Amino acid sequence: MKLPDDLEPDDADAREQLSRAFGFVRRMLRKWWIIPLALLFGAAACAAFLWIKGRTYHSETVLLYSEPIRTGNNNEAPTDPRNTAMRFEELLLSRSQLERVIGQYDLYPDRVHDYGVVDAVAEFRKHVQFKAPGGDTFSIAFEGTAPEQTQRVTARLAELLIEEDARLKSQQAKVTRDFLAVERKRTEKELRDAEQNLAEFMAKHPKFALDVVMLQPGAPVTGAAIRASMAHDPRPSGGGAARAYTYTRPSEARGAASSPSVAVPGDQQAKADRARAEAALVAARSDLATKQAQFTDAHPDVREAQAAVAAAQARLASLSTADPTPATPVAEAASQPREESRRAVREEARPRSVEPRSAPKNEGELVALETDWARLTRGVTEARQRHDHIDAAFFKADVASSESGREAPRISIVDPAFLPQRPVPPGPLTIGAIFAALALALGVASMALATLLDDRIYSARDAIQIAKVLVEIPRNDKRRRAYAAAT
Amino acid sequence: MPPRPEPLLPYRMVELTTNPAPRNHRKTLRLFEEATYERAPDPPRREKQETEVIVWQPPAPPRTESTPRVSMECIALADKLDPRLTLLRAPDSAQSKAFRLLRHRLLRQSDPRLIAVTSAERGEGKTTCAVNLALAIAEETLTRVLLFEANVRQPSAARLFDFEPRECLSRQLSRLQGSMRGYSIAAVAGTRLCIAAMSPDLAPGVRLDRFILGVALSELRSEFDYIVVDTSPVLESADANAVAECVDGVILVARADRSRQKRVKHAVKQLGSAPLLGITLLDSREAA
C-alpha cells in the first residue's frame, strides 16, 4: 500500500486505473438518490404523455379504381396510375372535403373553437393517410380517438371521394359535350357554306358538272374513289350523299360535242353508246394525264388510270366492231380533236414552267377555273372531314354525359372501413417501460455527470493534486454518529 | 513543597509544578490515584459531586520581567468524553494510530515546535485534528504540549473538554499590553496536554492582534515543548495568516466527501509563503 506522500499525481498503472474506475463508480453510487428522482420525473412525464396523447384507433378502407366506359376510340392512351393516385389524394385531402367531415362529425372541437376550422383541417390532415401501393387499388386510413367515430369517418371519406370523382367526371363530360355541340354546329355551317360555294361555281360553270357520282360519306374526292363509285353506280343520286364531280376538258368536251353523232336510222342507240364510250375514254385519258403529271408510271393510280383507258378503248373498240357503220368523218375527225385534246391536257397537266405570255388567254382562264374548282372541292372535303370528326367526338361526349355513363362508377369499395378493436400500439405498458428506461438512463447519466462535476476531495489522490498529504485519517462512522447526536 | 492537606473526597488529580527556570530543568508530572487534597478556597464553577477540581497553586517562583507568569488549573476528563477525542476514547483505534502516524511524520520531517492547524472552511475538522495531534504529541515522554486556541470565531476547545476557562484567552492576550503578563492555562488530567482556551461564549467581533499573538506564542514557546495552535478557517478571516507568520508550520485539514478542491486550492494560495507542512485528510473512506 502506498503512503500518501508516495503517490504521484500521474501515477496510473493498470491496477490504479481500475481502482480509479471503481472509485468513480463508488462515488457515482453515493448519488443514488438521483435514480429515484429521475424515475419519478419519468413517471410524471409518462403520465403527462399518456394523458395528452390519449388512445388512438386506426381504421382503413380499400378502394378499387376501374377505367371508364370506352366509346370505341382506341386512340386515347391509358391513364397513368400514379397520376390517378395523386389526383385522388388531392381530392381526398382538399380543404372543402375535410371541412365537411369535420362539421358532420364534430371533430377537433377545441381547435375549431380556439384557432378556427382551417387549423382543424390541418390537424385532420395529419391523421388521414392515403396510400397507393400500385396498380388500381388504394387505401384510405384515419386515426381517431374513438373506435366508432374512426370507422364512420373513414367510411365517409371514401364516400366523399367517390362522389367527388363522379361529380367531376360528369361535369367534365357535360362541359365537353356542350363545347362539341357548339363546334358541331360551326362545322355544319362551314360544310354548308363550302357546298354552296361549290354549287354556285358549278352553276356558273356547268361544264364541270357533267358527271355526278355518289361517293361514300366521308370518302375523299379522288379519281380512284370516283372510278370505284362509277363501278358500283355510275348514275347520280340525290339526297345528302356526298357528290363528286368529274372533270371533262372543255376541249375534249367540245371535241366530243363537236363530233355530232350522225343519226343513222336504226343505229341511234348504238351511236349513243359509242358517244358515251368515247366520252368515257376521254375522261379516262384526262385522268391518266393528270396522274402522270403528278406521279410516275409505276404509281398504282397511274396504272389504274392506264387500265381505265385501256378498258375504255376496249369498250369503244367493241362498240365500233359491233357497228359496221364506217366511222363518220365526224367520228374520224373527232379522233383528231381527241388527240389534240390529249396533248392539250398533257401540256396543261405539266408543271407551269411555260412562260405565261406564251400561254393562250383561254388557257389561263382554264387554269384559273380549275384552280377554283380544286379549291372548292378541297374545301368541301375538309369541311366534311372536320364535321365528321366533331360529330364522332360529340357522340362520345354524349355517351359519357348520359345517364348510363354516369351510372358507371370508376371507384368501388373493395374493403369497407372496419371497426378497430384495440388502440394503436404501443400501449400504456410499452410507453411506461420506454419512459422508465429513458429515465433510468437519464438518471445514470446525471449521476455520472454529477460525479464528474463534483470536485470534492474523496481520497488522498484528490488532495495530492493540491499539496503533500501527510496522513489519511480513516472514517469512523460510530464517532460521526455520536458526534452528530451530541451536537 | 507545601504539605498536602487531607482530602475530603476521592478523586483523580494531577499535580503540576511549574518551574520558571529554563527548559533544562526537569518538570515532573505524576498521576495519583485516590490522593486527597483540601478544597481550594475559590473552587471552579463545576457543580458535579463525583469529581472535583482542585486548583492548587504552588508558590510563585521568583520572576523576572521577561518571564511570563503561567497559572494552571487542572481539569478532569468527563465520564462521557467528546467523540472527537479519539485518542482518549479509543487509543487503539485506526484513527488514533493515524494521528500518531501524523505525529511521527511531523517529528521526522522537520520537528516543528509551533504548529498551526487550520482548514479552508469551517466544519472540516481542524479542531479535531489539532486536539488529537496535541494529544498524540503529549503521549511522548517528557513532552509538554500546549493547545492554543486562536479561533475567536468559533471557539470550541473548552466545550471539547467540557470545562469553563478561568479566564478567556482573549482577555489574557489583551492584558498583555500592560506590564503584567500572565497566562491562565488548563491542564488536562491524565495527559500532558495543556489548553489555552477561549471562552465558549466569546463575544463576536473579537479580533486577534498579530503582534500580541506573536509575543504570546514566543513567550509560551519557552514554557512548552510543542504548541499546537487551533486557528480560524483560512477563507473566513485573516487570522490564519496572522498565526501562520508566527508558527513553524501549518497543517491544512480537509475532510473527505466535504472539502472541495477548489476551496482548498484557494486556501493554499491565500496562505502564500506560509510554511505549509501538508494536508491531513479526515474521514477518508479509502483509508478505512
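Refer to the structure printed above.
The notes below deal with the structure included here. Being a predicted model, the structure only gives us computed values, none of them experimental.

## So, the packing of aromatic side chains
Residue and element names in this part refer to chain A. Enumeration over the complete set of coordinates arrives at six aromatic pairs over all chains. An angle of 65° between the planes, with centres 5.4 Å apart, marks the rings of Tyr 65 and Phe 88 as edge-to-face. Of this pair, Tyr 65 sits in strand S1 (residues 57–65) while Phe 88 sits in helix H3 (residues 81–92), and the two are 23 residues apart along the sequence. A relative accessible area of 7% places Tyr 65 in the buried class.

## Things to note about the sheet that holds strand S2 (residues 128–134) of chain A
Residues and elements named next belong to chain A. Spatially, the four strands line up as an open sheet ordered S2-S3-S1-S6, and their pairing is antiparallel. Here the strands that pair on one side only, and so sit at the sheet edges, are S2 and strand S6 (411–415). Shown here is a sheet whose adjacent strand axes are inclined to one another by a mean of 30°, direction ignored. With five bridges connecting them, S2 and strand S3 (residues 137–144) associate as antiparallel partners. Looking across to S3, one finds that Phe 130 is bridged to Ile 140.

## A short note on the pattern of salt bridges
Tallied over the entire structure, the rule returns 41 salt bridges over all chains. In this structure, Asp 119 of chain A engages Arg 111 of chain A in a salt bridge whose closest nitrogen and oxygen atoms are separated by 2.3 Å. Take Arg 111 of chain A: its relative accessible area is 30%, and that puts it in the partly exposed class. Notably, a salt bridge pairs Asp 193 of chain A with Lys 189 of chain A, separated by 3.2 Å at the nearest N-O pair. With Asp 193 of chain A and Lys 189 of chain A both in helix H7 (residues 147–204) and four residues apart, the pair spans about one turn of that helix. Judged by its relative accessible area of 32%, Asp 193 of chain A falls in the partly exposed class. If you follow the salt bridges from partner to partner, you end up with Lys 31, Asp 454, Asp 455 and Arg 456 of chain A together with Arg 260 of chain B in one network.

## Focus on the interface of chain A and chain B
With 27 residues of chain A at the interface, the matching set in chain B holds 40 residues. Linking chain A with chain B are four salt bridges, by the criterion used here. Between Asp 257 of chain B and Arg 475 of chain A there is a salt bridge, with its nearest N and O atoms 3.8 Å apart. At the surface where chain A touches chain B, the tally comes to 18 residue pairs in polar contact (both at pLDDT 80 or more). By residue number, the principal contributor to the side of chain A that touches chain B is strand S7 (residues 469–474) of chain A, which donates six residues.

## Considering the nonpolar core
All names here are of chain B. Leu 146, Phe 148, Ile 185, Leu 220, Ile 227 and Val 229 are the most contacted members of the largest nonpolar core, which totals 52 residues. For Leu 220, the residues in contact, after removing those within four places along its chain, are Val 70, Leu 146, Phe 148, Tyr 183, Ile 185 and Ile 227. In terms of nonpolar packing, the next biggest core, distinct from the first, is built from 40 residues, Ile 137, Leu 160, Ala 186 and Ala 197 among them.

## Brief notes about helix H4 (residues 95–105) of chain A
Residues and elements named next belong to chain A. Among all positions in H4, only Gln 97, Leu 98, Val 101, Ile 102 and Tyr 105 are buried. Angularly, the buried residues of H4 cover 135° about the axis, an arc narrow enough to put them on a single face. Its buried side turned inward, H4 meets H3, helix H5 (109–115), helix H6 (117–126) and H7. Looking one or two residues past H4, Asp 106 carries a phi angle of roughly 55°, positive in sign.

Each value, and the rule that gives it
- Residues numbered from 1 in each chain as written.
- Chains lettered and ligands numbered in written order.
- Predicted model: local features only at pLDDT ≥ 70, side-chain atom pairs only at ≥ 80, totals over all residues.
- Heavy atoms only, no water.
- Phe/Tyr/Trp six-rings, centres within 6.5 Å; stacked < 30°, edge-to-face > 60°.
- Helix = DSSP H or I, 4+ residues; strand = E, 2+ residues; numbered from the N terminus.
- Buried < 20%, exposed > 50% of the residue type's maximum accessible area, 1.4 Å probe, protein only.
- Pairing = 2+ DSSP bridges.
- Axes fitted to C-alpha atoms, helices over the stretch in contact; angles between N-to-C directions.
- Salt bridge = Lys/Arg side-chain N within 4 Å of Asp/Glu carboxyl O.
- Contact = heavy atoms within 4.5 Å.
- Polar contact = N/O pair within 3.5 Å; in protein donor to acceptor, adjacent residues only side chain to side chain.
- Core = buried A, V, L, I, M, F, W, Y, C linked by side-chain atoms within 4.5 Å.
- Arc of directions from axis to C-beta.

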